[in-house]
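Structural features, examined
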There are 2 protein chains.
Amino acid sequence: MINKETIGYSFGMIKLNGNTYQYSAEIFFEMFDDRLKLMIIWYLSNGSMRFKELSKYLQPITNKTLSAKLKQLEELHLIEREVFAEVPPRVEYTLSPHGQQLKPVIDEVIAWSQHYAKTFGQTINEE
Amino acid sequence: MINKETIGYSFGMIKLNGNTYQYSAEIFFEMFDDRLKLMIIWYLSNGSMRFKELSKYLQPITNKTLSAKLKQLEELHLIEREVFAEVPPRVEYTLSPHGQQLKPVIDEVIAWSQHYAKTFGQTINEE
DNA sequence: ATCATTAGTATATTTTAGTAAACTATTGTA
DNA sequence: TACAATAGTTTACTAAAATATACTAATGAT
């Protein structure tokens, strides 16, 4: 029932960072095993952001957690970290080219969420 | 910087199940705050599956965890549960219409994962 | 001289999610 | 009579993830 044709073509088994995957999609599921990393991609899909700015949008989140997530995303080659030699420090996070390629995923997420909200949600504070 | 135009049009604030969201995409991120729920959608996007069958594909997973995830997905109106009056019991899980609408998200996930695997992965066991 | 600011790190604690293992109900089969 | 099979539930435990809180370095402003 589950095979190449049905659940995302896998072109064989894929080895990545010591792990073996049968289906390429499993790579995504392992990377985004928590909501935070995909949310960061979502925020950055709009342009670069600084550490504190991200923190503000992701509240409640601690520095430690955000710092860890950003480090993971950098290791996955999905974001880039640029340090500016200023005081107080300025560090900007931007999507890498591979991170940019997640844009279509994000777009579909937004489209689906709007559809879902339209069905089950209640719009308030219309301006 | 983050506003209606930039991060997924939200048509105001959305209230859903007691929670308030500024951006519709946040609904998705809350729903899929763990990898398992989206993986179940991914498996079911291919057709219905029984409890044990899903369990086999999601190993290592305990009955308790899988049971909880399926219950959550049902409450979110994303899957449907059909019980057959047989012994031993047969219960089939299928995507609901709203679950089906996640297909484009899944498709983009698969496409991106293939791209990512092509860049960073190593294909093994070619047949 | 002290404060404010940013981008974190460090330590200890708490919460949460998931695991392991055993159990239930039902009925057909050996 | 006991076992097998499925779809769970229950209880106790563990490990992972996040939190709270305090701290650091560097420098310009008050």
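Everything numeric here is computed off the predicted structure, so don't read it as measured data. (Residues numbered from 1 in each chain as written. Chains lettered and ligands numbered in written order. Predicted model: local features only at pLDDT ≥ 70, side-chain atom pairs only at ≥ 80, totals over all residues. Heavy atoms only, no water.)

Focus: the sheet that holds strand β5 (residues 90–95) of chain A
All names here are of chain A. The antiparallel open sheet is built from three strands, whose spatial order is β3-β5-β4. Pairing within the sheet leaves two strands with one partner each, and these edge strands are β3 (49–50) and β4 (79–84). Those strands touched by helix α2 (residues 35–44) are β3, β4 and β5, and its axis lies near 95 degrees from that of β5. (Pairing = 2+ DSSP bridges. Helix = DSSP H or I, 4+ residues; strand = E, 2+ residues; numbered from the N terminus. Contact = heavy atoms within 4.5 Å. Axes fitted to C-alpha atoms, helices over the stretch in contact; angles between N-to-C directions.)

Quick notes on the protein's contact with DNA strand C
In the region of DNA strand C, 21 residues are neighbours, and Lys52(A), Ser67(A), Arg81(A), Pro89(A) and Tyr93(A) sit closest. One nitrogen or oxygen atom from the side chain of Ser67(A) is found 2.6 Å from a phosphate oxygen belonging to DNA strand C. One nitrogen or oxygen atom from the side chain of Arg81(A) is found 2.6 Å from a phosphate oxygen belonging to DNA strand C. Those elements giving two or more residues to the surface near DNA strand C turn out to be α3 (51–57), α4 (63–75) and β5 of chain A together with α4 (63–75) of chain B. Sort the elements by how many residues they give to the surface near DNA strand C and α4(A) lands first, with four residues. For the surface near DNA strand C, the per-class residue count stands at nine nonpolar, four polar and eight charged. (Near = heavy atom within 4 Å. Polar contact = N/O pair within 3.5 Å; in protein donor to acceptor, adjacent residues only side chain to side chain. Nonpolar A, V, L, I, M, F, W, Y, C, P; charged D, E, K, R; others polar.)

Quick look at the sheet that holds strand β1 (residues 13–16) of chain B
Spatially, the three strands line up as an open sheet ordered β6(A)-β1(B)-β2(B), and their pairing is antiparallel. Lying at the two open borders of the sheet, with one neighbouring strand each, are β6 (122–124) of chain A together with β2 (19–21) of chain B. The average angle at which neighbouring strand axes cross in this sheet is 30 degrees, direction not considered. Looking at chain direction, β1(B) and β2(B) are connected through three bridges and run antiparallel. In the strand pairing of β2(B), Leu16(B) is matched with Asn19(B).

Brief notes about the relation of the copies chain B and chain A
Under the fitted operation, chain B is carried onto chain A by 0.0 Å of movement along the axis and a turn of 180 degrees, and the coordinates agree to an RMSD of 0.1 Å. Given the turn and translation reported, the copies of this chain are related as if by a two-fold rotation axis. Closest approach to the rotation axis among the C-alpha atoms of chain B is made by Asp34(B), whose C-alpha sits 2.6 Å away. A share of 100% of the interface residues of chain B reappears at the interface of chain A, consistent with the copies meeting face to face through the same patch. (Least-squares fit on C-alpha atoms with pLDDT ≥ 70 in both.)

Some points on the protein's contact with DNA strand D
The local shell around DNA strand D holds 20 residues, among which Lys52(B), Ser67(B), Arg81(B), Pro89(B) and Tyr93(B) are the closest. Sugar and phosphate atoms represent 63% of those atoms of DNA strand D found within 4 Å of the protein. Within the contact set of DNA strand D, a phosphate oxygen lies 2.9 Å away from a side-chain nitrogen or oxygen of Lys71(B). Contact distances for DNA strand D include 2.6 Å between a phosphate oxygen and a side-chain N or O atom of Arg81(B). Secondary-structure elements contributing two or more residues to the surface near DNA strand D are α4 of chain A together with α3 (51–57), α4 and β5 (90–95) of chain B. Looking at the surface near DNA strand D residue by residue, the class counts come to eight nonpolar, four polar and eight charged.

Some details on the packing of aromatic side chains
Applying the stated rule across the entire model yields 20 aromatic pairs over all chains. Ring plane angle 55 degrees and centroid distance 5.3 Å describe the contact between Trp42(A) and Phe29(B), whose orientation is recorded as tilted. Note that Trp42(A) is positioned in helix α2 and Phe29(B) in helix α1 (residues 25–31), a pairing that runs across two chains. By relative accessible area, Phe29(B) is classed as buried at 2%. Counting every residue linked through ring pairs, the aromatic cluster contains Tyr23(A), Phe28(A), Phe29(A), Phe32(A), Trp42(B), Tyr43(B), Tyr57(B), Trp112(B), Tyr116(B) and Phe120(B). One cation-aromatic arrangement involves Lys56(A) over Tyr57(A); the distance from NZ or CZ to the ring centre is 5.3 Å. A cation over an aromatic ring shows up here: Arg90(A) above the ring of Phe84(A), its NZ or CZ 3.8 Å from the ring centre. (Phe/Tyr/Trp six-rings, centres within 6.5 Å; stacked < 30°, edge-to-face > 60°. Buried < 20%, exposed > 50% of the residue type's maximum accessible area, 1.4 Å probe, protein only. Lys NZ or Arg CZ within 6 Å of the ring centre and 35° of its normal.)

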